[in-house]
Amino acid sequence: MSLRDLLAARIAAQGPITVAEYMAECLMHPRFGYYATRDPLGAQGDFITAPEISQMFGELIGLSLAQAWMDQGQPSPFTLAEAGPGRGTLMADALRATRAVPGFHAAAQVVLIEASPTLRDVQSQTLASHAPKWIDHVDALPQQPLFFIANEFFDALPIRQFQRDGEHWRERQIGLDDGRLRFGLGPAQPQPALDHRHEDTADGDLVEDCPSAAPIIDAIGRRIADHGGAGLIIDYGDWRSLGDTLQAVKGHEPSDPLVDPGEADLTAHVDFEALAQAAPCRYSRLTPQGVFLERLGITQRAQALAKGLTGDPLDQLIAAHRRLTHPDEMGQLFKVLGLYPEGHQPPPGLDP
Ligand code: SAH
């Protein structure tokens, strides 16, 4: 039995499933799901993320949030939370970099929102000395000031896809064709949630909607609006996405999303406009990752780390700096959205 067989049996019995249903099963099926069953990150895994490229990424994010915490009068206690923390590397780097910030660690309660039991195990090792608490959903975040991080979390949330047909939309579905999984389209229907996309789309265009993103942003933004705090949401995508951005990656290479379900990472670009509009607090300008990291001093940090390095380690550091910041690498494709309370500035590195 494989996930492909399970999905084929379900489709044969009940009809086509949505892209969101397919993504959810591929990523989080308890027995066969991609994240549920493995640690996919790093050079040996299927893909590599910014915190796994260099310690500088998590350090600068930690310092940005610690500065926001100081600017808001050092509230205590507060929640230091991360959604989808992967191997816990970003949080570990952020905590190490903020050790010298007086009172920050004493006031911080580290909370991790993680669905994968395998990755929870890895995180419990990486972050053992900080006694993190795991929760399944942002709704369980404590009612207190919240300083929040999400890197490559929102791109893993299931999306629905709709193709425009006149004033209506046809949902992209996954059905069976001769026993093989195949994309198809559902019936043309009105989709009130997509009314605003009539202005920037033409017949046949495809748009995406991530139904679980807005409730998550609402829960985070409400803590920040009511109790103070800040959020840094980092992901690839743009203010408004157009077209099919569903992609599968296996062994650092693109693959067919319908082949070997559960064996490849599936993601979609993040529609930051939808996140911002769901936020019940203030949000920053959407800022390219390269610009954000340069403003926070990544070049000075790299120079400090380079002291005393030669040969391969020095080359790796220079390559990591380039990879995180250069427009041809992650610098432009990845964006940062900041959340912050009324009457305050966004976290350092971002503009109001
Ligand atoms: N932030 C990390 C990992 C990114 S991979 C990094 O930058 O390296 C995506 C992470 O989100 C994984 O930890 C995955 O298990 C988690 N995740 C995906 N969907 C989730 C969900 N619905 N709820 C909680 N965690 C989820």
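Residues numbered from 1 in each chain as written. Predicted model: local features only at pLDDT ≥ 70, side-chain atom pairs only at ≥ 80, totals over all residues. Heavy atoms only, no water.

### Notes on the sheet that holds strand S12 (residues 253-255)
Spatial strand order, S12-S11-S13: 3 strands in an open sheet with antiparallel pairing. Edge positions in the open sheet fall to S12 and strand S13 (265-267), since each of these has one partner strand only. Geometrically, the sheet is characterised by an average inter-axis angle of 40 degrees between neighbouring strands, direction not taken into account. Across 3 bridges, strand S11 (residues 247-250) lies against S12 in antiparallel orientation. By the bridge assignment for S12, valine 249 is matched with proline 254. (Pairing = 2+ DSSP bridges. Helix = DSSP H or I, 4+ residues; strand = E, 2+ residues; numbered from the N terminus. Axes fitted to C-alpha atoms, helices over the stretch in contact; angles between N-to-C directions.)

### A few points about the nonpolar core
Core analysis: the biggest nonpolar cluster contains 41 residues, and Phe57, Ile61, Phe78, Leu80, Phe147, Phe292 and Leu324 have the highest contact counts within it. Among the elements that make up this core, the one with the highest residue count is helix H5 (residues 55-71) (8 residues). Listed in part, the 29 residues of the second largest apolar core include Val111, Phe148, Ile216 and Ala278. (Core = buried A, V, L, I, M, F, W, Y, C linked by side-chain atoms within 4.5 Å. Buried < 20%, exposed > 50% of the residue type's maximum accessible area, 1.4 Å probe, protein only.)

### Side note on the packing of H5 against helix H12 (residues 298-306)
It is the contact of H5 with H12, at a shortest axis distance of 11 Å, that shows an interaxial angle of 130 degrees. Taken as axis vectors, H5 and H12 run oblique relative to one another. The hand of the H5/H12 crossing is right-handed. Every residue of H12 that contacts H5 at Gln55, Met56, Glu59 and Leu60 is listed here: Ile298, Arg301, Ala302 and Leu305. In the contact of H5 with H12, the residues fall into 5 nonpolar, 1 polar and 2 charged. (Parallel < 35°, antiparallel > 145°, perpendicular 65-115°, else oblique. Left-handed = near helix turned anticlockwise from the far one by under 90°. Contact = heavy atoms within 4.5 Å. Nonpolar A, V, L, I, M, F, W, Y, C, P; charged D, E, K, R; others polar.)

### Remarks on the environment of glycine 297
On the secondary structure map, glycine 297 appears in the loop between helix H11 (289-295) and H12. Separated by 35 residues in sequence, glycine 297 and glycine 262 have C-alpha atoms that sit 39 Å apart.

### Quick look at empty space enclosed by the protein
Under the defined criterion, the tally for this structure stands at 1 cavity of 30 Å³ or more. What the largest cavity holds in volume is close to 30 Å³. As for the largest cavity, its lining consists of Cys26, Pro257, Val259, Asp260, Pro261, Gly262, Glu263, Ala264 and Leu266. (1 Å grid on protein atoms, 1.4 Å probe; cavity = no way out; pocket = protein on both sides within 12 Å on 5 of 7 lines; lining within 4 Å. Points joined across faces, edges and corners; volume = space filled by probe spheres on them.)

### Let's talk about the packing of aromatic side chains
Tallied over the entire structure, the rule returns 8 aromatic pairs. Each ring, one from tryptophan 69 and one from phenylalanine 104, has its centre 5.1 Å from the other, and the planes form 75 degrees; the classification is edge-to-face. Taken together, the positions of tryptophan 69 in helix H5 and phenylalanine 104 in helix H7 (residues 104-107) put the pair 35 residues apart, joining distant regions of the chain. One exposure class covers both tryptophan 69 and phenylalanine 104, and it is buried. Summarising the aromatic geometry, the rings of phenylalanine 153 and phenylalanine 154 are spaced 5.1 Å apart at their centres and angled 80 degrees between planes, so their arrangement reads as edge-to-face. Here phenylalanine 154 falls in the buried class, since its relative accessible area comes to 4%. An aromatic cluster of three or more residues is present, and its members are Trp69, Phe78, Phe104 and Phe147. Sitting over the ring of phenylalanine 183, arginine 172 keeps its end group 3.6 Å from the ring centre. (Phe/Tyr/Trp six-rings, centres within 6.5 Å; stacked < 30°, edge-to-face > 60°. Lys NZ or Arg CZ within 6 Å of the ring centre and 35° of its normal.)

### Regarding the site of the ligand
As a matter of local geometry, the ligand sits amid 19 residues, with Thr49, Gly84, Gly86, Glu114 and Asn151 nearest to it. In this structure, glycine 86 approaches the ligand through a main-chain N or O atom, which is 3.1 Å from an oxygen atom. Within the contact set of the ligand, a nitrogen atom lies 3.3 Å away from a backbone nitrogen or oxygen of alanine 115. Summarising the interface, the protein chains cover 92% of the accessible area of the ligand, which totals 580 Å² for the free molecule. Along the lines of polarity and charge, the residues of the shell around the ligand split into 11 nonpolar, 5 polar and 3 charged. (Near = heavy atom within 4 Å. Polar contact = N/O pair within 3.5 Å; in protein donor to acceptor, adjacent residues only side chain to side chain. Areas by Shrake-Rupley, 256 points an atom, 1.4 Å probe, with all protein chains shown as cover.)

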